[in-house]
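Observations on the three-dimensional arrangement
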Amino acid sequence: MTALFPGRPTAVPILALGDTLLVSLQGELHDGMAEQLQQDISRRIADSGAVGVIIDISGVEIVDSFLGRVLAEIAASAGLLAAGTVVAGMRPAVAITLVELGLTLPGLTTALDVERARELLAQAAEPGTWDRCQRGT
Amino acid sequence: MMAVPGPVTAARLPIRSDADLAWVRQQVRQCAADLGFGLVQQTKLVTAASELARNTLVHGGGGHVDVTPVTRGVTRGLRLSFADSGPGIRDVELAMTDGYTSGGGLGLGLSGARRLVDEFGIDTVPGRGTTVTVTAWAPGVPTARPGL
Amino acid sequence: MSEQETVESTARRLGAFLELRREQIAQRWADAPLFRTVFTVSREEAVEACKAVVDALAGVASSGRLEDITSSGFDSVRDQLGRMTDAWTRMGASPARIADEVAALRSPVAELLRAESPDPAAPEAAEGLLAFTALMGTLRLVVMQTALTSGEELIERQRQQLLEVATPVISLWEGVVAVPLIGTLDSARSQVVMESLLEGIVARRAQYAILDITGVPTVDSLVAQHLMKTVAAARLMGAECIVSGIRPAIAQTIVQLGIDLSPVLTRASLADALAYALSRLGIEVSPRASTR
């Protein structure tokens, strides 16, 4: 995938599933691609009126403070556009490393996989429940 | 059967662009895997390398990293030395504090990377540049048969 | 001819002899315990393994470095020798015992070598035999070194296995896993606990993970820190972690040490933690109405 062409950043595709946007990150993500993705998601939410964003990171081998910040910012700006964001499928080794790094991303809602993320967003579709299903609040 | 890891040789990699950061991560991952690091240890080292390489690129205006396999008795490890000739760091202690940032990040680059490795050293001269050297050791007896 | 040249030409002759008699030597060695015990599937397999060793010895002899255990000639058989010593080690053989089995390979070939010689009393015959003895001594050292390394690896593997055995991840309900911790938690063990719990969460798709510390005698700030890290990592993966079984004495220590466990969800017992997880999952457990 993108890892085969380290010199050639490509855009990350955004899939629409009903009123939810699904982004599946794979392998190496260049800083530029991540920043591009952040802008693309905001635009897609505004254009489509999506109420949920799922970022599947099960294919991501490392999350450093840069990508961590991008994920947190995507969630924050999606929140301003009234869409909930769930980060799904973080690998155990990545989670351990992030905690050790000091990045616990408290504002981020997480799920084990995309299916669970959809369940969380479906629960949130009932008015007023989103805040409740966000952990740590 | 036991996997016999390939030989790990010292290398110098340039850090001049986003694509170089990705290349450094891939190379460090490969070396760590060849040295018999476990998955969590690999992930920690690659993440530390990513933080430090980004510092070299963003704050140091680019530079390079030397990747060197090292041994201590039967233990094998990997040493990474990130060097730039940028503005240097005026207050190292402050720069090592969680949350300190000069580049709009989360301020976890240096202090976070330090927690992910076994040894950490920083050498900086204001106006001349910065070199950050980190080492991670593979736990226990390596799976390869060194010296055989 | 200088002495050096004599030694080298003797070594080369030995190499040529090994190449020429490869088949015969392999047939004889295949019946020796060193090979027979390891290659149990077929004799053919044992013969092939023997041939590989003969080829390696021939290569080393031809290079003239009969006593060099680092000779590249051995490289082709190091893996195979490693597997053989592993098999012997697993059967409980010591490195010394394995080395003895290697030494036993000498005499069948020495017989062949003597029979080849037109004049067994000539100095060339004695030199040839001496060179072969030196070569077999080197092989014995190579095998011994392999066996010693594989012994160290075995100990390390067992230590790691022991750590993992000591921290089982148990499924309590669909979506709920638990790790009952018993004994002292040091840094290495905490690491294993954290990793196995997180792996268990992925493997069982668990939304709730319970860390039960009823069996942990003391909690210092390091252990508390590990608990909090585990909870934070589980949350990043999308699971909630509950710490249960904090005994009163430990609760006091935690407070006295000034450790803030407030970000961690705690319950008095494993049963309470399970009840909490079930209620969050929307599962109600109630006694069956009596039918009698």
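Here the residue numbering is sequential within each chain, running from 1 through the sequence in written order. Numbering of ligands from 1 and lettering of chains from A proceed in the order in which they are written. Per-residue local features of the predicted model are confined to residues with pLDDT of at least 70, and side-chain atom pairs are confined, for both listing and counting, to 80 or more; whole-chain, interface and lining totals are unaffected and use all residues. Side-chain metrics in this entry use all non-hydrogen atoms of the structure; hydrogen atoms and water are not considered.

Here we look at the nonpolar core
Working definition of a nonpolar core: buried Ala, Val, Leu, Ile, Met, Phe, Trp, Tyr and Cys residues. They are joined through side-chain atoms within 4.5 Å. Between buried and exposed lies partly exposed: a residue is buried under 20% and exposed over 50% of the maximum accessible area for its type, with that area taken using a 1.4 Å probe on protein chains only. Grouped together as the largest cluster of nonpolar side chains are 106 residues, with contacts concentrated most on Leu25 of chain A, Leu45, Leu78 and Leu80 of chain B together with Ile201 and Leu211 of chain C. Contacts are residue-level and defined by heavy atoms, with any inter-residue pair within 4.5 Å sufficient. Ignoring sequence-local partners within four residues, the contact set of isoleucine 201 of chain C consists of Leu112 of chain A together with Val177, Ala206, Ala209, Ala234, Met237 and Ala239 of chain C. Formed by 46 residues, the second largest nonpolar core is a distinct cluster that contains Ala32, Leu34, Val47 and Phe132 of chain C.

Examining the interface of chain B and chain A
A common way to report how large an interface is uses the accessible area buried once the components associate. Taken together, the contacts link 24 residues of chain B with 23 residues of chain A. Values labelled buried area give the accessible surface lost by two parts on being combined, using a 1.4 Å probe and summing over both. Across the chain B to chain A interface the summed buried area is about 2,100 Å²; carbon plus sulfur atoms make up 58%. Salt bridge criterion: a side-chain nitrogen from Lys or Arg within 4 Å of a carboxyl oxygen from Asp or Glu. Where chain B meets chain A, there are five salt bridges. In this structure, arginine 54 of chain B and aspartate 64 of chain A form a salt bridge, with 3.0 Å as the shortest nitrogen-oxygen distance. Whenever two N or O atoms come within 3.5 Å, that pair is a polar contact, provided that in protein one can donate a hydrogen and the other can accept it, and provided that, for residues adjacent in sequence, both atoms are side-chain atoms. For the interface between chain B and chain A, the tally reads ten residue pairs in polar contact (both at pLDDT 80 or more). For the side of chain B that touches chain A, the secondary structure elements donating two or more residues are helix 1 (18–34), helix 2 (39–58) and helix 4 (109–116) of chain B. Secondary structure elements follow DSSP: runs of H or I of four or more residues count as helices, runs of E of two or more count as strands, with numbering from the N terminus. Sorting elements by how many residues they give to the side of chain B that touches chain A places helix 2 of chain B first, with nine residues.

So, the pattern of salt bridges
When their charged atoms lie close together, side chains carrying opposite charge are able to pair. On inspection of all chains with the given rule, the structure shows 21 salt bridges over all chains. In this structure, arginine 12 of chain B and aspartate 66 of chain B form a salt bridge, with 2.8 Å as the shortest nitrogen-oxygen distance. On the criterion of sequence distance, the pair formed by arginine 12 of chain B in strand 1 (residues 11–15) and aspartate 66 of chain B in strand 2 (residues 63–72) is long-range, its members being 54 residues apart. The partly exposed category is assigned to aspartate 66 of chain B, whose relative accessible area is 22%. A salt bridge links arginine 65 of chain C to aspartate 68 of chain C; its shortest N-O distance comes to 2.2 Å. With a relative accessible area of 41%, arginine 65 of chain C lands in the partly exposed category.

Some points on the pairing of strand 3 (residues 75–84) of chain B
Residues and elements named next belong to chain B. When you tally the buried positions in strand 3, you get nine out of ten residues, the bulk of the element. The pairing criterion is simple: DSSP has to find at least two bridges between the two strands. Joining the antiparallel neighbours strand 2 and strand 3 is a turn of two residues, in which glycine 73 adopts a positive phi near 65°. As judged from the eight bridges shared by strand 3 and strand 5 (residues 129–137), these two strands associate in the antiparallel manner. What sits directly across from glycine 77, in strand 5, is tryptophan 137.

Section: helix 4 (residues 43–62) of chain C
Residue and element names in this part refer to chain C. To estimate the expected span of a helix, count its residues, drop one, and scale the result by 1.5 Å. With 20 residues, helix 4 ought to run about 28 Å at 1.5 Å a step, and its terminal C-alpha atoms sit 28 Å apart, in line with that. Residues of helix 4 that are buried include every one of Ala46, Val47, Ala49, Cys50, Lys51, Val53, Val54, Ala56, Leu57, Ala58, Val60 and Ala61, and no others. One or two positions beyond helix 4, positive phi appears at glycine 64, with a value near 85°.

Concerning the sheet that holds strand 4 (residues 119–125) of chain B
Residue and element names in this part refer to chain B. Ordered by their spatial adjacency, five strands build an open sheet running 1-2-3-5-4, and the pairing between neighbours is antiparallel. Edge positions in the sheet fall to strand 1 and strand 4, since each of these pairs with one other strand and no more. For this sheet the average axis-to-axis angle between neighbouring strands, irrespective of direction, equals 15°. As paired elements, strand 1 and strand 2 share five bridges and run antiparallel to each other. Along strand 2, the bridge assignment pairs isoleucine 15 with glycine 63. Fitted lines through C-alpha atoms give the axes, limited to the stretch in contact for helices. The angle between two N-to-C directions lies from 0 to 180 degrees.

A word on the packing of aromatic side chains
All names here are of chain C. Under the pairing criterion, centres of Phe, Tyr and Trp rings, with the six-membered ring standing for Trp, must be within 6.5 Å; the plane angle then separates stacked pairs below 30 degrees from edge-to-face pairs above 60, leaving the rest tilted. On inspection of all chains with the given rule, the structure shows two aromatic pairs over all chains. Arranged with centres 6.4 Å apart and planes meeting at 90°, the rings of tyrosine 208 and tyrosine 276 form a pair that is edge-to-face. Taken as a pair, tyrosine 208 in strand 3 (residues 208–215) and tyrosine 276 in helix 12 (residues 270–280) lie far apart in primary sequence, 68 residues in all. The exposure classification of tyrosine 208 matches that of tyrosine 276, with both residues buried.

A closer look at the side chain of threonine 43 of chain B
Residue placement: threonine 43 of chain B occurs in helix 2. Using a relative accessible area of 1% as the deciding quantity, one classes threonine 43 of chain B as buried. Setting aside chain neighbours within four positions, we find threonine 43 of chain B in contact with Glu61, Ile62, Ala93, Val94 and Thr97 of chain A together with Arg29 of chain B.

Quick word on the confidence of the model for chain B
Where the model shows low pLDDT, its predicted coordinates should not be examined in detail. How sure the predictor is of each residue is captured by pLDDT, a score from 0 to 100. Looking at chain B, pLDDT values average 83 and 82% of them are 70 or higher. Across residues 141–148 of chain B the pLDDT falls below 50, and counting only partners more than four positions away or on other chains, this stretch makes 24 contacts in the model.

Re the interface of chain C and chain A
Taken together, the contact between chain C and chain A spans 19 residues of the former and 20 residues of the latter. Of the roughly 1,800 Å² buried between chain C and chain A, counting both surfaces, carbon and sulfur atoms make up 58%. Together, Arg205, Arg235 and Leu236 of chain C form the three largest contributors to the area buried by chain C at its contact with chain A, with a combined 43%. Counting across the interface, chain C meets chain A through two salt bridges. Glutamate 100 of chain A is the salt-bridge partner of lysine 229 of chain C, the closest N and O atoms lying 2.7 Å from each other. Counting every contact that joins chain C to chain A gives ten residue pairs in polar contact (both at pLDDT 80 or more). The dominant element in the side of chain C that touches chain A, judged by the number of residues it contributes, is helix 9 (residues 187–204) of chain C, at seven residues. Of the residues contributing to the side of chain C that touches chain A, the split by class is ten nonpolar, three polar and six charged. In this classification, the charged set is Asp, Glu, Lys and Arg, the nonpolar set is Ala, Val, Leu, Ile, Met, Phe, Trp, Tyr, Cys and Pro, and all remaining amino acids, among them Gly, are polar.

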